[in-house]
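Here is how the chains run, residue by residue.
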Amino acid sequence: MTNAAIAIDDPTRTDVLALLERHYAFTLAHSPEGACYTFKPEELAGPAMTFWTARRDGQPVGCVALYERDAQFGELKSLHVAESERGSGLGECLVQVVIEAAKDRGYHELGLETGKSDGFAASRRLYARLGFAHTPAFPPYQCGSFSHCMKRAV
(Lines give C-alpha, C1' and ligand atoms only; values in the text may rest on other atoms or scores of the structure.)
Protein backbone atom coordinates (compact mmCIF):
# COMPACT_ATOMS: atom_id res chain seq x y z
CA MET A 1 0.00 0.00 0.00
CA THR A 2 2.22 2.77 1.26
CA ASN A 3 5.63 3.04 2.84
CA ALA A 4 4.89 6.04 5.05
CA ALA A 5 5.87 5.66 8.70
CA ILE A 6 2.86 5.93 11.02
CA ALA A 7 3.45 6.74 14.69
CA ILE A 8 1.83 8.46 17.65
CA ASP A 9 2.68 12.12 17.42
CA ASP A 10 2.05 15.54 18.94
CA PRO A 11 -0.66 17.42 17.00
CA THR A 12 0.75 20.75 18.22
CA ARG A 13 4.12 20.30 16.44
CA THR A 14 4.73 23.03 13.87
CA ASP A 15 4.92 20.69 10.87
CA VAL A 16 1.78 18.82 12.00
CA LEU A 17 -0.08 22.10 12.47
CA ALA A 18 0.39 22.83 8.78
CA LEU A 19 -1.15 19.45 7.89
CA LEU A 20 -4.07 20.07 10.26
CA GLU A 21 -4.62 23.52 8.73
CA ARG A 22 -5.04 21.85 5.32
CA HIS A 23 -7.47 19.37 6.95
CA TYR A 24 -9.51 22.19 8.45
CA ALA A 25 -9.53 24.13 5.18
CA PHE A 26 -10.75 21.05 3.26
CA THR A 27 -13.46 20.35 5.83
CA LEU A 28 -14.68 23.95 5.85
CA ALA A 29 -14.72 24.10 2.05
CA HIS A 30 -17.00 21.05 1.85
CA SER A 31 -19.29 21.74 4.82
CA PRO A 32 -22.09 24.23 5.39
CA GLU A 33 -21.53 26.84 8.08
CA GLY A 34 -21.85 25.39 11.57
CA ALA A 35 -21.45 21.77 10.41
CA CYS A 36 -17.71 21.38 10.92
CA TYR A 37 -16.80 19.16 13.87
CA THR A 38 -13.02 19.24 13.63
CA PHE A 39 -10.98 19.28 16.83
CA LYS A 40 -8.37 21.94 17.48
CA PRO A 41 -4.76 20.76 17.86
CA GLU A 42 -4.84 21.23 21.63
CA GLU A 43 -8.01 19.09 21.78
CA LEU A 44 -6.32 16.40 19.69
CA ALA A 45 -3.52 16.42 22.29
CA GLY A 46 -5.99 15.88 25.14
CA PRO A 47 -5.98 12.94 27.56
CA ALA A 48 -8.85 11.09 25.84
CA MET A 49 -7.09 11.29 22.45
CA THR A 50 -4.43 9.36 20.64
CA PHE A 51 -3.09 11.11 17.55
CA TRP A 52 -1.04 9.49 14.77
CA THR A 53 0.88 11.11 11.95
CA ALA A 54 1.99 9.41 8.76
CA ARG A 55 5.34 10.68 7.54
CA ARG A 56 7.17 10.24 4.28
CA ASP A 57 10.79 11.39 4.21
CA GLY A 58 10.18 13.00 7.61
CA GLN A 59 7.31 15.15 6.36
CA PRO A 60 3.73 14.68 7.65
CA VAL A 61 1.48 13.45 4.85
CA GLY A 62 -1.49 12.14 6.83
CA CYS A 63 -3.05 12.00 10.26
CA VAL A 64 -5.82 10.42 12.28
CA ALA A 65 -6.98 10.39 15.89
CA LEU A 66 -8.85 8.06 18.21
CA TYR A 67 -11.12 9.71 20.77
CA GLU A 68 -12.13 7.59 23.74
CA ARG A 69 -15.78 8.44 24.30
CA ASP A 70 -16.11 5.80 27.01
CA ALA A 71 -14.57 2.45 27.96
CA GLN A 72 -16.43 0.65 25.16
CA PHE A 73 -16.80 3.26 22.40
CA GLY A 74 -14.12 5.10 20.46
CA GLU A 75 -14.51 7.68 17.72
CA LEU A 76 -12.24 8.07 14.71
CA LYS A 77 -11.41 11.77 14.26
CA SER A 78 -9.41 14.03 11.97
CA LEU A 79 -8.53 11.60 9.19
CA HIS A 80 -6.61 13.57 6.60
CA VAL A 81 -4.35 12.54 3.75
CA ALA A 82 -2.32 15.10 1.82
CA GLU A 83 -3.60 15.61 -1.71
CA SER A 84 -0.35 14.22 -3.15
CA GLU A 85 -0.92 10.94 -1.24
CA ARG A 86 -4.59 10.35 -2.06
CA GLY A 87 -5.16 7.03 -3.79
CA SER A 88 -1.94 5.58 -2.33
CA GLY A 89 -3.68 3.48 0.35
CA LEU A 90 -2.47 5.75 3.14
CA GLY A 91 -5.99 6.57 4.32
CA GLU A 92 -6.75 2.87 4.69
CA CYS A 93 -3.53 2.34 6.64
CA LEU A 94 -4.40 5.18 9.01
CA VAL A 95 -7.92 3.85 9.62
CA GLN A 96 -6.51 0.35 10.23
CA VAL A 97 -4.19 1.80 12.91
CA VAL A 98 -7.25 3.19 14.71
CA ILE A 99 -9.18 -0.08 14.35
CA GLU A 100 -6.27 -2.04 15.84
CA ALA A 101 -5.89 0.44 18.71
CA ALA A 102 -9.63 0.17 19.43
CA LYS A 103 -9.33 -3.64 19.52
CA ASP A 104 -6.31 -3.43 21.84
CA ARG A 105 -8.27 -1.17 24.20
CA GLY A 106 -11.24 -3.52 24.29
CA TYR A 107 -13.73 -1.16 22.67
CA HIS A 108 -16.92 -2.81 21.44
CA GLU A 109 -17.67 -0.16 18.85
CA LEU A 110 -15.89 2.43 16.76
CA GLY A 111 -17.79 5.36 15.30
CA LEU A 112 -17.15 8.38 13.14
CA GLU A 113 -18.83 11.42 11.70
CA THR A 114 -18.23 12.71 8.20
CA GLY A 115 -20.08 15.01 5.88
CA LYS A 116 -22.79 14.28 3.34
CA SER A 117 -21.38 16.44 0.54
CA ASP A 118 -19.56 15.06 -2.51
CA GLY A 119 -16.28 16.29 -0.99
CA PHE A 120 -16.52 13.49 1.57
CA ALA A 121 -17.66 10.74 -0.84
CA ALA A 122 -14.22 9.11 -1.06
CA SER A 123 -14.01 9.03 2.74
CA ARG A 124 -17.45 7.42 3.03
CA ARG A 125 -16.43 4.75 0.50
CA LEU A 126 -13.19 4.06 2.39
CA TYR A 127 -15.03 3.68 5.69
CA ALA A 128 -17.63 1.36 4.13
CA ARG A 129 -14.85 -0.83 2.66
CA LEU A 130 -13.38 -1.12 6.16
CA GLY A 131 -16.63 -2.32 7.73
CA PHE A 132 -18.28 0.90 8.84
CA ALA A 133 -22.02 1.18 8.16
CA HIS A 134 -24.32 4.18 8.23
CA THR A 135 -25.98 4.64 11.61
CA PRO A 136 -28.29 7.18 13.17
CA ALA A 137 -26.35 10.20 14.38
CA PHE A 138 -24.86 9.90 17.85
CA PRO A 139 -24.07 12.80 20.23
CA PRO A 140 -23.11 15.51 19.53
CA TYR A 141 -23.98 15.11 15.86
CA GLN A 142 -27.71 14.33 16.13
CA CYS A 143 -28.69 17.99 15.79
CA GLY A 144 -27.09 18.49 12.40
CA SER A 145 -28.62 17.44 9.10
CA PHE A 146 -25.21 17.45 7.39
CA SER A 147 -23.63 14.74 9.52
CA HIS A 148 -23.21 11.23 8.14
CA CYS A 149 -22.42 8.94 11.06
CA MET A 150 -21.01 5.46 10.70
CA LYS A 151 -20.11 2.68 13.15
CA ARG A 152 -18.52 -0.75 13.15
CA ALA A 153 -18.01 -3.46 15.70
CA VAL A 154 -14.44 -3.80 16.89
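Everything numeric in this text was worked out from a predicted model, so none of it was measured.

What counts, and at which threshold
Residues numbered from 1 in each chain as written. Predicted model: local features only at pLDDT ≥ 70, side-chain atom pairs only at ≥ 80, totals over all residues. Heavy atoms only, no water. Buried < 20%, exposed > 50% of the residue type's maximum accessible area, 1.4 Å probe, protein only. Helix = DSSP H or I, 4+ residues; strand = E, 2+ residues; numbered from the N terminus. Pairing = 2+ DSSP bridges. Contact = heavy atoms within 4.5 Å. Axes fitted to C-alpha atoms, helices over the stretch in contact; angles between N-to-C directions. Expected span 1.5 Å × (residues − 1). Phe/Tyr/Trp six-rings, centres within 6.5 Å; stacked < 30°, edge-to-face > 60°.

> Residues and numbers for the pairing of strand β2 (residues 49-56), please.
Counting buried positions over the eight residues of β2 gives seven, a clear majority of the element. Bridge count for β2 against strand β3 (residues 59-70) is eight bridges, and the pairing is antiparallel. Residue pairing across strands places W52 opposite V64, the latter belonging to β3. If you look at the hairpin formed by β2 and β3, you'll find two residues sitting between the two strands, and D57 has a positive phi there, around 55°.

> Which residues make up the sheet that holds strand β7 (residues 147-153), and what are the values?
Strand order in the open sheet formed by seven strands is β1-β2-β3-β4-β5-β7-β6, and the pairing between neighbours is mixed. Looking at the sheet topology across the chains shown, the edges are occupied by β1 (5-8) and β6 (133-134). As paired strands, β6 and β7 are joined by two bridges and run antiparallel to one another. Residue A133 lies in a different strand from β7, and its bridge partner there is K151. Its contacts with the sheet place helix α1 (residues 14-29) against β2, β3 and β4 (73-81), and it is angled at close to 75° to β3. Here helix α4 (residues 121-129) sits on the sheet in contact with β4, β5 (109-115) and β7, set at roughly 165° to β5.

> Before we move on, can you summarise the environment of A48 with the specific residues and values?
Here A48 is to be found in the loop between α2 (41-44) and β2. Judged by relative accessible area, A48 falls into the partly exposed class, the value being 30%. For the pair A48 and Y67, spaced 19 residues apart in sequence, the C-alpha to C-alpha distance is 5.7 Å. For A48, the contacting residues outside a window of four places in its chain are L66, Y67 and E68.

> Break down the pairing of β7 for me, citing the residues and quoting the values.
With five of its seven residues buried, β7 lies for the most part within the structure. Relative to β7, β5 is paired through seven bridges, and the arrangement is antiparallel. From the neighbouring strand, L112 faces β7, where its bridge partner is M150.

> Requested: an account of helix α3 (residues 90-104), with residues and values cited.
Between the first and last C-alpha of α3 there are 21 Å, a value that for 15 residues agrees with the 21 Å anticipated at 1.5 Å per step. Among all positions in α3, only L90, G91, C93, L94, V95, V98, I99, A101 and A102 are buried. Phi turns positive, to about 80°, at G106, one or two residues after α3.

> Hey, could you go over the packing of aromatic side chains for me, with residue numbers and the actual values?
Applying the stated criterion across every chain yields a total of seven aromatic pairs. Ring geometry for Y37 against Y141: centres 4.8 Å apart, planes inclined by 85°, an arrangement best described as edge-to-face. Of this pair, Y37 sits in the loop between α1 and α2 while Y141 is found in the loop between β6 and β7, placing the two residues 104 residues apart along the sequence. Relative accessible area serves as the criterion here: at 23%, Y37 is assigned to the partly exposed category. By relative accessible area, Y141 is classed as buried at 1%.

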